[in-house]
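Inside the fold
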Amino acid sequence: MSQIYGKTRWKRFAVVMVPALAATAAVGMSVAQGALAASFSVSGSQFKVSAASLHGDGFTQYGTVETFEGGKTLPVAVSGFNDATIHNLCQSVSLPFGFVLKITAGDDPNNPVKATSLYIDMTDLQAKTAQFNGINIGVAEGAVSKGTVSSGDSNSKYYDPTGFAQEADSADLTGVQQTAWATSAATFSLNGMHLSLNDSNSECF
C-alpha cells in the first residue's frame, strides 16, 4: 500500500509542480535581467488579473478572436497600452487538484510594475474608476494612431481594419479586476515579485 500511495503522490506532485517550476524559472530569469519579455497565452484556461491602479499612455481597445490549441475560437476584447504603470498587481490561474499559481508584484508605491507594448486579451473587465484623456470612440481599427494594434492581431485572419475601436492619449483605472485569456508585452518589469502555490481560495478575486 505504501508503494502505491507513494506513486500516486509523486504523480500528483509532478502534475502540479512542473508548470509551477517552469513558470518560476522563466519569470525568475527574466526578472534577474530586469525585464520580463512576455508573449504567452494560457491554453484553454482563463486567468484573473487585479490591480489597485493602472496608468497607461497610448491606450487602444478593439475586438479580435482568440484561437486555442485544437482549433477552438473565442471572441475577446483587447486593451493595449504603449506604456503602463501598475500598482499592486496580482495574477492567478487555477491548476489541477485545487491549487492556484499566484504572482504578485508592485506592492511598493515607489517601485510599481512597468510594462511596454502591453496587450491584454480579456472577456471581462471591471474598475472602480476609469478616466480616459483625449478619447476617440468609434475610430476604425486600421486608423488607430494614439496607440497601436498588436502585430499578432493585425496579421491575423480575423483582423478587420474597418472594425470598431477606441483610443485615448492616456487612461487611469483604479480597483481593476479582469478575466483574461492571454497577455503579451515587449517588456514587463515585475518589481517585488512573489510567486506562490496556494489552495483554491487564494485567487486574486
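These notes cover the structure that comes with them. (Residues numbered from 1 in each chain as written. Predicted model: local features only at pLDDT ≥ 70, side-chain atom pairs only at ≥ 80, totals over all residues. Heavy atoms only, no water.)

A closer look at the overall build of the protein
Rules: To qualify as a helix, a DSSP run of H or I must reach at least 4 residues; to qualify as a strand, a run of E must reach at least 2; elements of each kind are numbered from the N terminus. In this analysis, two residues are considered to be in contact whenever any of their non-hydrogen atoms come within 4.5 Å of each other. Surface accessibility in these figures is a Shrake-Rupley result with a 1.4 Å probe; residues are shielded only by whichever protein chains are displayed.
A count of helical and extended segments in the protein gives two helices and eleven strands. Summarising the internal contacts of the protein: among those between residues at least 6 apart in sequence, 81% fall at separations of at least 24. Surface exposure of the protein reaches about 10900 Å², of which carbon and sulfur atoms provide 55%.

Observations concerning the nonpolar core
Rule in force here: As used in this record, nonpolar core signifies buried Ala, Val, Leu, Ile, Met, Phe, Trp, Tyr and Cys residues forming a set joined through side-chain atoms within 4.5 Å. Summary of the burial criterion: residues with accessible area below 20% of their type's maximum are buried, those above 50% are exposed, and those between are partly exposed, where the area comes from a 1.4 Å probe applied to protein chains only.
Core analysis: the largest hydrophobic core is formed by 28 residues, its most contacted members being F81, I86, L89, V113, L118, F188 and L190. Looking at this core, the elements that each hand over two or more residues are β2 (47-67), β3 (73-87), β4 (89-95), β5 (99-105), β6 (113-126) and β9 (164-185). Looking at which element gives the most residues to this core, the answer is β9, with six residues. For L118, the residues in contact, after removing those within four places along its chain, are S79, G80, F81, A84, I86, T183, S184, A185 and F188. Listed in part, the ten residues of the second largest apolar core include V76, V78, V139 and A165.

A look at the pairing of β5
For the record, the criterion: Note: two strands are recorded as paired if DSSP finds a minimum of 2 bridges between them.
Among the seven residues in β5, five count as buried, and that is most of the element. Counting the residues that bridge the hairpin from β4 to β5 gives three residues, and of these F97 lies at a positive phi of roughly 65°. The pairing of β5 with strand β11 (residues 194-199) spans six bridges and is classified as antiparallel. Its bridge partner being in β11, F99 is matched across the sheet by D199.

Some details on unusual backbone geometry
Residue F97 is not a glycine yet carries a positive backbone phi of 65°. Mapped onto the fold, F97 is located in the loop between β4 and β5. The partly exposed category is assigned to F97, whose relative accessible area is 46%. Within the chain, S117 stands out as a residue other than glycine whose phi angle is a positive 45°. With a relative accessible area of 33%, S117 lands in the partly exposed category.

A short note on the environment of Q46
Of note, Q46 is situated in the loop between β1 (38-41) and β2. Sequence-wise, Q46 and S94 are 48 residues apart; in three dimensions their C-alpha atoms are separated by 8.5 Å. In this structure Q46 touches V93, T179, A180 and W181, once residues within four positions along its chain are discounted.

Observations regarding the side chain of S79
Formally: A 3.5 Å cut-off defines polar contacts: any pair of N or O atoms within that distance qualifies, except that in protein one atom must be a possible hydrogen donor and the other a possible acceptor, and neighbouring residues in sequence count only when both atoms are side-chain atoms.
Summarising the element assignment, S79 is placed in strand β3. Under the relative-accessibility criterion, S79 is labelled buried at 4%. Within the structure, S79 has its side chain in polar contact with the side chain of Q61 (distance 2.8 Å). If we ignore the near neighbours within four places in the chain, the residues touching S79 are F59, T60, Q61, L118, Y119, I120 and M122.

Thoughts on the environment of G106
Checked against the element boundaries, G106 lands in the loop between β5 and β6. With a relative accessible area of 0%, G106 lands in the buried category. Taking the C-alpha atoms as reference points, G106 and N191, 85 residues apart in sequence, are found 5.4 Å from one another.

Some points on the state of the cysteines
Test applied: For this text, the term disulfide refers to a pair of cysteine sulfurs within 2.5 Å.
Tallying each qualifying case throughout the model produces one disulfide. With its sulfur 2.0 Å from that of its partner, C90 forms a disulfide with C204. Note on the C90 and C204 pair: the S-S dihedral is about -85°, so by sign convention the disulfide is left-handed. Placement of C90 in strand β4 and of C204 in the segment after β11 is noted, with a sequence separation of 114 residues between them. Grouping residues by exposure puts C90 and C204 together as buried.

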